[in-house]
Amino acid sequence: ASGLAGVLVSITLGALVYHAVVPRARMLVDRVRQFQDTGVHDRIGNMGNDAIGVLANALDAGFAAIANRTREREEFFSIAAHELKTPLTSIQGYSSLVMSRPEAAPLLLRALEVINRQSWRMSRLIDGMLLAVRARSNDLQFIPKQFDMSRLVVRVIDDMKPFVGDRTFSAQ
């Protein structure tokens, strides 16, 4: 009889502990999965002072810090791209102005063409940073365009000619 009573008490206490712990632990696991999937932090709230409550508070603090870092990083990239874009626009404008003057020396004109092209490359890199921020915030529409690889090869060979001469490379 005492053995049966001990088994019943053990089963009862086990069921009480199970119902007190498992739903709270499952809720924490669900919140972790939700944060992994969406990156959105919904505060867990006060779950008590026991070990699960301490774990919930630690998860809240960690998720809040991660979400804050993500916002700060995106703000940094947005500001950096804007600040880089402003002087680049001036460089492009002035190099285009000088290139439009036919009386400039051929070497100067060639150098300005390269400067202009490279500044456009830098502009595309900055645009890429802005696109990354927009993609992270799900505000991106992708419209693919054709790319002419032959034109790129010809431009690279033309850029290298002053350094290696006409006989080293040719584009056909």
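Check the entry above for the structure.
Residues numbered from 1 in each chain as written. Predicted model: local features only at pLDDT ≥ 70, side-chain atom pairs only at ≥ 80, totals over all residues. Heavy atoms only, no water.

Trainee: Describe the layout of surface pockets, listing the residues and the values that go with them.
Mentor: Space inside the largest pocket adds up to approximately 440 Å³. Broken down by secondary-structure element, the contributors of at least two residues to the lining of the largest pocket are α3 (106–136) and α4 (149–164). Its residues assigned to classes, the lining of the largest pocket shows four nonpolar, two polar and eight charged. Considered as a void within the structure, the second largest pocket measures approximately 290 Å³ in volume. Around the second largest pocket, the lining is made up of 14 residues, and of these Thr38, Gly39, Val40, Thr70 and Arg136 lie nearest the centre. If one sorts the elements of the lining of the second largest pocket by residue count, helix α2 (residues 51–99) sits on top with five residues. (1 Å grid on protein atoms, 1.4 Å probe; cavity = no way out; pocket = protein on both sides within 12 Å on 5 of 7 lines; lining within 4 Å. Points joined across faces, edges and corners; volume = space filled by probe spheres on them. Helix = DSSP H or I, 4+ residues; strand = E, 2+ residues; numbered from the N terminus. Nonpolar A, V, L, I, M, F, W, Y, C, P; charged D, E, K, R; others polar.)

Trainee: Would you mind going over the environment of alanine 20 in detail, with residue names and values included?
Mentor: Take alanine 20: it is sitting in helix α1 (residues 2–38). Among the residues examined, alanine 20 registers a relative accessible area of 41% and is labelled partly exposed. Considering only alpha carbons, one finds alanine 20 and isoleucine 143, 123 residues apart in sequence, at a separation of 53 Å. (Buried < 20%, exposed > 50% of the residue type's maximum accessible area, 1.4 Å probe, protein only.)

Trainee: Tell me what's going on with the packing of aromatic side chains, and back it up with residues and numbers.
Mentor: Describing an aromatic ring pair means giving the distance of the ring centres and the angle of the ring planes. Enumeration according to the criterion identifies two aromatic pairs in this entry. Ring plane angle 20° and centroid distance 4.3 Å describe the contact between phenylalanine 35 and phenylalanine 63, whose orientation is recorded as stacked. One end of the pair, phenylalanine 35, is in helix α1; the other, phenylalanine 63, is in helix α2, with 28 residues separating them in the sequence. Overall, the relative accessible area of 12% leaves phenylalanine 35 in the buried class. (Phe/Tyr/Trp six-rings, centres within 6.5 Å; stacked < 30°, edge-to-face > 60°.)

Trainee: Give me the lowdown on α1, citing residues and values where you can.
Mentor: The periodicity of an α-helix, 3.6 residues per turn, causes residues three or four places apart in sequence to face the same way. The end-to-end C-alpha separation of α1 is 53 Å, in line with the 54 Å expected for 37 residues at 1.5 Å each. The largest bend in α1 amounts to roughly 25° and is located at tyrosine 18. Taken residue by residue, α1 has Val22, Leu28 and Phe35 as its buried positions. Positive phi appears at glycine 39, one or two residues downstream of α1, with a value of about 75°. (Expected span 1.5 Å × (residues − 1). Bend = angle between axes of the 7 residues up to and from the residue.)

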